[in-house]
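Results of the structural survey
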Amino acid sequence: MNILHLDSGLFLEQSVSRKLSQQIVSRITAEQDQVVYRDLVTDAIPHLDAETLLAEQQPLTQTLLDELFAADVIVIGAPMYNFTIPTQLKAWLDRVLKAGVTFNYTEKGPVGLLQGKKVYIASGRGGIYSTGDAAAMDHQESYLRQALGFIGITDVQVIRAEGVNMGDEPRQQALQAADEAIAALA
C-alpha cells in the first residue's frame with residue numbers, strides 16, 4: 001500500500017492534528033507499505049499564481065500530482081484555523097485540483113478522476129464545531145470533504161479532537177476519544 005501523509009499544523013511540537021495524523025499512519029501502516037511524508041509547513045508549497053497556473057510544465061505541481069496518484073491512502077493532518085484549513089494545505093489543494101488531470105468538466109458537470117482512494121483527516125479544533133450553532137462555522141472538514149469529493153475521493157473518514165482549547169479536562173477527553181477512534185481503525 002502507498003500512503004501519502006500530509007501535515008499542515010503550524011505548531012510543530014504542540015499540534016494536535018500532527019499527533020493524530022502520525023498515530024493514524026502508525027496504525028494503518030504495515031512493514032511493506034510505502035509512506036511519502038510531506039510537511040506543508042516546514043516545506044511550504046508556494047501559493048498559486050497566474051504564471052504557475054498557466055504553465056505547461058510545473059515540476060512541483062507534477063511531483064504533488066504524482067504523489068497523489070500513487071497513493072492508495074492519504075492521511076491529512078488538518079487543524080482548524082479561523083473556521084477553515086491552514087493556507088499551507090490550501091496551497092497543496094490548489095496544485096492538485098487540476099482540470100483535465102484530477103477532474104474533468106463535462107456536459108453533466110464536473111467528474112472526479114481519482115477513484116478508489118481512502119482519506120483519513122486528522123482534525124484538531126480548539127472549540128466544538130461538529131454540533132450545535134457553531135456547526136455552521138465549519139469550513140474546515142466540510143471544505144476538505146467537498147474538495148476531495150470534487151476530484152473523486154469520497155471515502156473520507158475524519159478522526160476529530162475538538163474542544164482542545166477549552167480547558168484541561170475537555171482537551172484530555174477530546175484526545176482520548178480521538179485515540180480510541182484511531183485504535184478502532186482496521
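Residues numbered from 1 in each chain as written. Predicted model: local features only at pLDDT ≥ 70, side-chain atom pairs only at ≥ 80, totals over all residues. Heavy atoms only, no water.

This part covers the overall build of the protein chain. Looking only at helices and strands, the protein chain has six helices and seven strands in total. In sequence order, the protein chain lays out its α and β elements as β-α-β-α-α-β-α-β-β-β-α-β-α. Across its three principal directions, the C-alpha atoms of the protein chain cover 50 × 40 × 35 Å. Per-residue burial over the protein chain gives 45% buried out of 186 residues. Put simply, of all contacts in the protein chain between residues at least 6 apart along the chain, 78% involve residues at least 24 apart. Side chains of the protein chain carry 14 positive and 23 negative charges; the gap between the two charge centres is 3 Å. (Helix = DSSP H or I, 4+ residues; strand = E, 2+ residues; numbered from the N terminus. Buried < 20%, exposed > 50% of the residue type's maximum accessible area, 1.4 Å probe, protein only. Contact = heavy atoms within 4.5 Å. Lys, Arg positive; Asp, Glu negative; His and termini not counted. Charge placed at Lys NZ, Arg CZ, Asp CG, Glu CD.)

Another point: the nonpolar core. Ranked by internal contacts, the top residues of the largest apolar core, which has 28 residues, are I74, W92 and I153. Where this core is concerned, the elements lending two or more residues are β1 (2-7), α3 (59-70), β3 (73-79), α4 (87-96), β6 (118-125), α5 (141-150) and β7 (155-162). With five residues, α4 is the single largest residue contributor to this core. Of all hydrophobic cores here, the second largest spans 18 residues; its members include V25, V73, Y120 and A174. (Core = buried A, V, L, I, M, F, W, Y, C linked by side-chain atoms within 4.5 Å.)

Let us now look at the packing of aromatic side chains. Per the counting criterion, the structure on display carries three aromatic pairs. Here the aromatic rings of F83 and Y129 are separated by 6.0 Å at their centres, their planes lie at 75°, and the arrangement is edge-to-face. Of this pair, F83 sits in the loop between β3 and α4 while Y129 sits in the loop between β6 and α5; the two residues are 46 residues apart in sequence, bridging distant segments of the chain. With a centroid separation of 5.1 Å and 85° between ring planes, the pair formed by F103 and Y105 is classed as edge-to-face. On the basis of relative accessible area, F103 is assigned to the buried category, the value being 6%. An aromatic cluster of at least three residues, connected via ring pairs, comprises F103, Y105 and F150. A cation over a ring is seen here: K118 above Y120, with NZ or CZ 4.9 Å from the ring centre. (Phe/Tyr/Trp six-rings, centres within 6.5 Å; stacked < 30°, edge-to-face > 60°. Lys NZ or Arg CZ within 6 Å of the ring centre and 35° of its normal.)

Inspection of α5 places E141, L144, A147 and L148 among the buried residues, and these make up the whole buried set. Buried residues in α5, looked at end-on, bunch into an arc of 130°, giving them a common side. The inward-facing, buried residues of α5 abut β3, α4, β6 and β7. Two residues or fewer past α5, G152 is found with a positive phi of approximately 100°. (Arc of directions from axis to C-beta.)

Bridge count for β6 against β7 is eight bridges, and the pairing is parallel. Bridge pairing links R125 to E162 in β7. Taken together, β6, α5 and β7 constitute a β-α-β crossover, and its handedness is right-handed. (Pairing = 2+ DSSP bridges. Right-handed = clockwise from strand over helix to strand, strands pointing away.)

This part covers the pattern of salt bridges. Enumeration according to the criterion identifies eleven salt bridges in this entry. Between D179 and K19 there is a salt bridge whose closest N-O contact spans 3.4 Å. Pair noted here: D179 is in helix α6 (residues 168-183) and K19 is in helix α1 (residues 16-28), with a separation of 160 residues, a long-range link. Relative accessible area serves as the criterion here: at 30%, D179 is assigned to the partly exposed category. When salt bridges with common partners are traced through the structure, they connect R125, D138, E141, R160 and E162 into a single cluster. (Salt bridge = Lys/Arg side-chain N within 4 Å of Asp/Glu carboxyl O.)

What follows deals with the side chain of S15. Position of S15 relative to the elements: it lies in the loop between β1 and α1. Judged by relative accessible area, which is 10%, S15 ranks as buried.

The next subject is the sheet that holds β6. Read across the sheet, five strands follow the order β2-β1-β3-β6-β7 without closing on themselves; strand pairing throughout is parallel. Only two strands of the sheet have a single neighbouring strand rather than two, namely β2 (34-39) and β7. Strand after strand, the sheet turns through a mean of 15° between neighbouring axes, direction not considered. As judged from the five bridges shared by β1 and β3, these two strands associate in the parallel manner. Within β3, the position partnered with L6 by the bridge is I76. (Axes fitted to C-alpha atoms, helices over the stretch in contact; angles between N-to-C directions.)

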